[in-house]
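Close look at the chain arrangement
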Amino acid sequence: MADPPGCCSTCATCLLCPYSCRWITAKKEKRKGLRTTKYDCSWFFFLFGIFLFTLVWLYFAIIILNDFHNFNEFIFRQKKLWLDWSLVLLIATAVLISYSSVLLILALCLQLCGQPLKLHWVHKILLILTALVVAAAFTGLGIKWAEEWKSARISLQATGPFLHIGAVGGMTLLAWPLASFIYRTRSTGLRVFLLLVYCAAMIALYLAPLGITSPCIMEEKQLPPKPALVGHRGAPMLAPENTLMSLHKAVDCDVQVFETDVMVSADGVPFLMHDEELTRTTNVQAVFPERAALNSTAFNWTDLQQLDAGSWFLEVRNVLRVAGGLPVMTAPLSPLQRRPFPTVQSLSPGDRKEAAEQRIPSLGQALEAAKQSNISIMFDLRPENHSDYQNFVNVTLEVILQSGIPLQQVLWLPDGFREDVKQQAPGVQHIYGRKRLKNEMEPVMHVNLPYQDMSSEEIRQYRQDNISVNLYVVNQPWLFSVLWCSGVSSVTTNACQVLKEMKHPIWLLPSSTYFMIWVVVDCVSFLVIIWAF
């Protein structure tokens, strides 16, 4: 089989060696009379399928980065080990997609050069392992993190138009190796089958925009106001979460609401803390090693004031493991493992010093800071299943009323004993963690939900009905853009310093402009394919 013009023997040999692991020249391969068999073709199609499979997983990996801090916290609660698992995910995904991409490019180039596609058995085993790893990743995602499927659906509203252009471009480029294969193959049935499949795929891609919807396909004048920012535990990328420094950093980011979590100490003092245990965000392991695994509410306020709530954000921490019912100290974590966000490295010396001096704040201190900064405060009261929860509510209300903060600046999230709260503090704004119900006695005016739980259509409807919608946790600009275009009132975020700088959604296209892009891309693709064949 002769090489096509422009494909020298040396180039063909360089392509053949890594693909087939046969360190002989293309001319010798030719003299052997080797050709691509149906078995070889089946492995090429398997390779192509694995490439698409890993490409889809790469897309999911990028999308779920918005929520990966929650996954890191989940692993810490289960294993008492902190690590930025997003780095592990991206590195592993990059290796898999790079491997399958290189093999696919080699195969396509070999086909253009008229060389046999003799995939080596080592590559076959590695491709099968790649398929199993990616399948296991998707299975684990579906079992442990099912809400991310909804995130993927939302992401298509941000990426759909661009994925369409990329898919059309990629399939158009396949026209050359496909035409080369059809020209060389002797099987008429295979030729017809491949042409039908390719044509069907291209027609589906050409018509795909009919099913693509995005709230950001609109006129500029229709764009709703920018959503307000709610600081999730303050500004946790810039300061230790749920501290006064985090609150002040959130104020610097122009947030309108400081979102936090409240617990009540053993002696009745409400304080800011998210986790049921103190091991992740304090040095309780060093100060009270025998009590480190206890619930946060088991400590009195005097004990809590002895804890350092800031150094964990900066310094090497030891890992607490439990063996035989007793806490055991292990080796310090590496710098990669100890920091919750990479933004820590950009802190100034002054900020580092301030962070290291942070203590667990009481709710009273947080309310005073919120009052002075003229921002609202929204909080959950934990743990909801505590036997003394009603007393927690009463103590918390007492602190709020004594603080002197205007009650309209207090946003109440807990559902337990809500009617008592309305009676004792009628000025407090009530935020509901559910959608409105039909025939409600008292209309719901504020809702706080995961961003996966509301569609663009529901957001628009709530906005028309003057219902304030806050969605959490929104960290990535692409997600913020989609929700902005949808008309959401506010978003809870870890990345207030990033979203603050956004003056406009990432993209906004009038429907007429998008239609023109669609037609031009499809027409250019069609002409290129005709030229290739």
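Residues numbered from 1 in each chain as written. Predicted model: local features only at pLDDT ≥ 70, side-chain atom pairs only at ≥ 80, totals over all residues. Heavy atoms only, no water.

1. Looking at the packing of helix H7 (residues 148-173) against helix H19 (residues 477-486)
Interaxial distance between H7 and H19 falls to 9 Å at its minimum, and their mutual angle equals 75 degrees. Classed by the angle they form, the pair H7 and H19 counts as roughly perpendicular. Two secondary-structure elements touch here, H7 through Ser151, Ile154, Ser155, Gln157 and Ala158 and H19 through Trp478, Leu479 and Val482. Residue composition of the contact of H7 with H19, by class: five nonpolar, three polar and no charged. (Axes fitted to C-alpha atoms, helices over the stretch in contact; angles between N-to-C directions. Helix = DSSP H or I, 4+ residues; strand = E, 2+ residues; numbered from the N terminus. Parallel < 35°, antiparallel > 145°, perpendicular 65-115°, else oblique. Contact = heavy atoms within 4.5 Å. Nonpolar A, V, L, I, M, F, W, Y, C, P; charged D, E, K, R; others polar.)

2. A look at the pattern of salt bridges
Inspection of the entire model under this criterion finds 19 salt bridges. Lys150 serves as the salt-bridge partner of Asp453, at 3.7 Å between the closest nitrogen and oxygen. Pair noted here: Asp453 is in the loop between strand S9 (446-450) and helix H18 (456-464) and Lys150 is in helix H7, with a separation of 303 residues, a long-range link. Owing to a relative accessible area of 38%, Lys150 belongs among the partly exposed residues under this scheme. A salt bridge links Arg233 to Glu241; the shortest N-O distance between them is 3.2 Å. The two residues Arg233 and Glu241 agree in class, both being buried. Through salt bridges that share partners, Glu73, Arg233, Glu241, Asp261, Asp275, Arg280 and Arg382 make up one connected network. (Salt bridge = Lys/Arg side-chain N within 4 Å of Asp/Glu carboxyl O. Buried < 20%, exposed > 50% of the residue type's maximum accessible area, 1.4 Å probe, protein only.)

3. A closer look at a nonpolar patch on the surface
Taken together, Phe46, Trp121, Val122, Ile125, Leu126, Ile128, Leu129 and Leu132 make up a surface patch of nonpolar side chains, about 710 Å² in accessible area. The element that contributes the greatest number of residues to the nonpolar patch is helix H6 (residues 121-144), accounting for seven residues. Relative to the helices and strands, Leu132 resides in helix H6. (Patch = residues over 30% accessible without salt bridge, like charges linked within 9 Å, V, L, I, M, F, W, Y side chains within 5 Å. Areas by Shrake-Rupley, 256 points an atom, 1.4 Å probe, with all protein chains shown as cover.)

4. Some words on empty space enclosed by the protein
Rolling a probe over the atoms, with the probe sized like a water molecule, indicates the empty space that remains. The full count for this structure, using the stated rule, is three cavities of 30 Å³ or more. Estimates place the volume of the largest cavity at around 60 Å³. Contributing to the lining of the largest cavity are Glu241, Asn242, Thr243, Leu272, Met273, Thr281, Thr282, Ala309, Ile360 and Pro361. A per-class count over the lining of the largest cavity returns five nonpolar, four polar and one charged. Its boundaries defined by the atoms lining it, the second largest cavity holds a volume of some 40 Å³. (1 Å grid on protein atoms, 1.4 Å probe; cavity = no way out; pocket = protein on both sides within 12 Å on 5 of 7 lines; lining within 4 Å. Points joined across faces, edges and corners; volume = space filled by probe spheres on them.)

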